[in-house]
Amino acid sequence: VSNNFDDGDALGWKVVDQTDKASNWIVSTGEYRQQNRVQSVNGYVESYHLGSYAFWEAGTSLKDYRFSVEATYLSTSLADDIGVMFRYQDANNYYRFSMNSRTGFSRLEKRTGGIFSTLAVNSRGYNSPNQLLAITIEVNGPDILVFLNGDPLFAVTDSSLAIGTVALYT
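About the criteria used
- Residues numbered from 1 in each chain as written.
- Predicted model: local features only at pLDDT ≥ 70, side-chain atom pairs only at ≥ 80, totals over all residues.
- Heavy atoms only, no water.
- Helix = DSSP H or I, 4+ residues; strand = E, 2+ residues; numbered from the N terminus.
- Phe/Tyr/Trp six-rings, centres within 6.5 Å; stacked < 30°, edge-to-face > 60°.
- Buried < 20%, exposed > 50% of the residue type's maximum accessible area, 1.4 Å probe, protein only.
- Lys NZ or Arg CZ within 6 Å of the ring centre and 35° of its normal.
- Pairing = 2+ DSSP bridges.
- Axes fitted to C-alpha atoms, helices over the stretch in contact; angles between N-to-C directions.
- Salt bridge = Lys/Arg side-chain N within 4 Å of Asp/Glu carboxyl O.

Asks: Which residues make up unusual backbone geometry, and what values do they have?
Replies: One non-glycine residue, R87, lies in positive phi territory at about 50°. Summarising the element assignment, R87 is placed in strand β8 (residues 81-90). For N149, which is not a glycine, the phi torsion comes out positive at approximately 55°. With respect to the secondary-structure elements, N149 resides in the loop between β13 (143-148) and β14 (151-157).

Written out as C-alpha cells, the structure is:
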C-alpha cells in the first residue's frame, strides 16, 4: 500500500485531536500537513504528550508490516512532537514513535488500556526546520524495529498489540 497524497486528498485517513486545540490537516503539493500547534496545558498524560493524529482507516487488521514516512517539521513555532503510530487499534491502544525538538528526545512508547508506558528512549531529537526525517517502523510478531534516516534507532520486543493500522502524529 502506498499513499503519497499526489491525488490532492486524504481520503481514507481519519483525524483525531487529543487536546482542546483544533488541528488543521491539509493536503498540499503531494504532502499531508498538520499546520496548527495543538499543544495545550491539557495535552499531557504524565510525561506523555497528546496531540493530533491521522490514522489510515483501512488498515485495522494489519499484522506484520514495514511502514515508512518522510516527515518534516514546518517551523520553530511548531517545534514539538512529530512521529508515527502503528498497530493502532483505537485511541487507547497503539504503539507510538515520537521525536521532540524542544526537549530533545526520541521515544518509543505504547498505550494499552489507556495507560502509557515507555519501551525505549534516547536523547536524539530533531533540530532544524525543514529537516527531512525518514522514519521506518518494522513490526513482525512481537519484534519492533525503528529506523531514523536509515539508521537503526530502537529494537524492542513487546507482544501487547498484535494488529492495527498506521497513523501520522504531531
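And the narrative resumes.
Asks: Any details on the packing of aromatic side chains? Residues and values, ideally.
Replies: Evaluation of the coordinates by the stated rule reveals twelve aromatic pairs. Ring centres 6.4 Å apart and planes at 50° place the aromatic pair Y53 and Y94 in the tilted group. A residue pair is termed long-range when its members are at least 10 positions apart, and Y53 in strand β6 (residues 52-56) and Y94 in strand β9 (residues 93-100) qualify at 41 residues. For Y53, a relative accessible area of 0% gives the class buried. Here the aromatic cluster, defined as three or more aromatic residues joined through ring pairs, consists of Y53, F55, Y88, Y94 and F116. A cation sits over an aromatic face here: R66 above F147, 5.8 Å from the ring centre. Just above the ring of Y169 sits the side chain of R96; from NZ or CZ to the centre is 4.3 Å.

Asks: Explain the environment of D80 residue by residue, including any values.
Replies: Its location among the elements puts D80 in the loop between β7 (65-72) and β8. When the C-alpha atoms of D80 and S98 are compared, they prove to be 9.7 Å apart, with 18 residues separating the residues in sequence.

Asks: Break down the sheet that holds β13 for me, with residues and values.
Replies: The strand order across the open sheet built from four strands is β7-β12-β13-β14, with neighbouring strands paired in antiparallel fashion. In this open sheet, the two strands that pair with only one neighbour each are β7 and β14. This sheet shows a mean twist of 15° between the axes of neighbouring strands, independent of strand direction. As defined by bridge partners, β13 adjoins β14 across six bridges and the pair is classed as antiparallel. By the bridge assignment, F147 is partnered in β14 with P152.

Asks: Please set out the pattern of salt bridges residue by residue, giving values where relevant.
Replies: Counting across every chain of the model gives six salt bridges. Put simply, R87 and D64 hold a salt bridge, and the shortest N to O gap is 3.1 Å. Taken together, the residues R87 in strand β8 and D64 in the loop between β6 and β7 connect sequence positions 23 residues apart. With relative accessibility at 1%, the residue R87 sits in the buried group. Classification of D64 as partly exposed rests on a relative accessible area of 40%. Among the salt bridges present, the one from R107 reaches E109, with a minimum N-O distance of 2.6 Å. Across the pair, exposure class does not vary: R107 and E109 are buried alike. In the salt-bridge network here, residues are joined through shared partners; they are R96, R107 and E109.

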